[in-house]
Amino acid sequence: MGQAAAFAERPRALGPSIRFENTGQVFQTDEGPLEALRGVNFAMDHHEFVAVLGPSGCGKSTLLRIIAGLIAPTSGRVDVFGKPVTGPRDDIGIVFQAPTLLSWASVEDNVVFPIRHKTGRVGEADRARARDILASVGLEGFSKRMPDELSGGMQQRVGIARALLMDPDILLMDEPFSALDALTREELGFELLKIWEARPKTVLFITHSIAEAVLLADRVLVMSERPGRIIEDLAIDLPRPRGIETTTDNRMHDYAAHLRSLLVKRH
Ligand code: ADP
Ligand code: MG
């Protein structure tokens, strides 16, 4: 399937894949209640790529953990594919900032770990799929290596491969490239777009980088300082497929300038 075809086929008619409705999150802490999110409203279409920007501590990771079913919101609701989230699900893949690899397991064993964890056994078909996915993230031939033999960028690729193993419908990424140098980061971003174009999925991508958000996403959500709310929902109308030439598109600079103006601290 060509890249253009993949976009034409976005099944918007199916309704949103993720929907927040007046969602709030209050944590109980030793210092009293801490309001992390307040009245969050947004929806994501199937196969949409949405980036989230916001100041540190505004609740971005909390948002992601609610979708993943790792925590339950204290008010409002969050639906995934039209049903309230009740716990972790197999059709959601998660990539964290640090790759969280098992140091004693090979690259391939790390990628198939969720299958072992879930079913207790890993078959040759699972391993073959793991090697295919490793190849698609640029790690062909690395399956028997140990994590500490790999660079940070390669470790992060292993984390991405692990999240993609079950070809999840939803991919949640929490500042996945922030520990990487600028060039590796850009390269991994474009590779992520290729993977997403070949196997469309709903992607929620948290980042601190305005340029990265604009370059990758269909829409950028901006959150306020804590308690986090969505203060901007900006459609990024740049052609796809995107690549290095996108970085010099004037509209990219206009979007970035607008987003920067929202993120500068107002005292
Ligand atoms: P971000 O990812 O935007 O930096 P987080 O979602 O991690 O922000 O956190 C939002 C706020 O909620 C922070 O003040 C953080 O300290 C607090 N917080 C997050 N998780 C918990 C928790 N489990 N218990 C108490 N406070 C928490
Ligand atoms: Mg965070």
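One can find the structure itself at the top, above this paragraph.
Residues numbered from 1 in each chain as written. Chains lettered and ligands numbered in written order. Predicted model: local features only at pLDDT ≥ 70, side-chain atom pairs only at ≥ 80, totals over all residues. Heavy atoms only, no water.

Trainee: Any details on the nonpolar core? Residues and values, ideally.
Mentor: If you look at the biggest cluster of nonpolar residues, it comprises 50 residues, and the most contacted ones within it are Phe-49 and Val-220. Counting residues per element, this core draws most heavily on helix α6 (residues 182-198), which supplies six residues. The contacts of Phe-49, once residues within four sequence positions are left out, are Leu-192, Leu-193, Trp-196, Val-203, Phe-205, Leu-216, Ala-217, Asp-218, Arg-219 and Arg-240. Phe-20, Phe-42, Ile-71 and Leu-221 belong to the second-largest nonpolar core, a separate cluster that totals 24 residues. (Core = buried A, V, L, I, M, F, W, Y, C linked by side-chain atoms within 4.5 Å. Buried < 20%, exposed > 50% of the residue type's maximum accessible area, 1.4 Å probe, protein only. Helix = DSSP H or I, 4+ residues; strand = E, 2+ residues; numbered from the N terminus. Contact = heavy atoms within 4.5 Å.)

Trainee: Explain the site of ligand 1 to me, and be specific about the residues and the numbers.
Mentor: Neighbouring ligand 1 are 13 residues; Gly-57, Gly-59, Lys-60, Ser-61 and Thr-62 lie closest to it. Gly-57 has a polar backbone atom sitting 2.7 Å from an oxygen atom of ligand 1. A distance of 3.0 Å separates an oxygen atom of ligand 1 from a polar atom in the backbone of Gly-59. Summarising the interface, the protein chains cover 66% of the accessible area of ligand 1, which totals 560 Å² for the free molecule. Elements with a contribution of two residues or more to the shell around ligand 1: β1 (18-29), β2 (32-44) and α2 (60-67). Here the shell around ligand 1 takes three residues from α2, the largest share from any one element. (Near = heavy atom within 4 Å. Polar contact = N/O pair within 3.5 Å; in protein donor to acceptor, adjacent residues only side chain to side chain. Areas by Shrake-Rupley, 256 points an atom, 1.4 Å probe, with all protein chains shown as cover.)

Trainee: Give me the lowdown on the pattern of salt bridges, citing residues and values where you can.
Mentor: Throughout the structure, instances matching the rule amount to 21 salt bridges. One salt bridge connects Glu-187 with Arg-157, and the closest N-O pair in it is separated by 3.0 Å. Here Glu-187 is found in helix α6, whereas its partner Arg-157 is found in helix α5 (residues 152-164), with 30 residues between them in sequence. Arg-157 gets classed as buried once you look at its relative accessible area, which sits at 8%. Between Asp-233 and Arg-219 there is a salt bridge; the shortest N-O distance is 2.9 Å. With Asp-233 in strand β10 (residues 230-235) and Arg-219 in strand β9 (residues 219-223), this pair connects stretches of sequence that are 14 residues apart. (Salt bridge = Lys/Arg side-chain N within 4 Å of Asp/Glu carboxyl O.)

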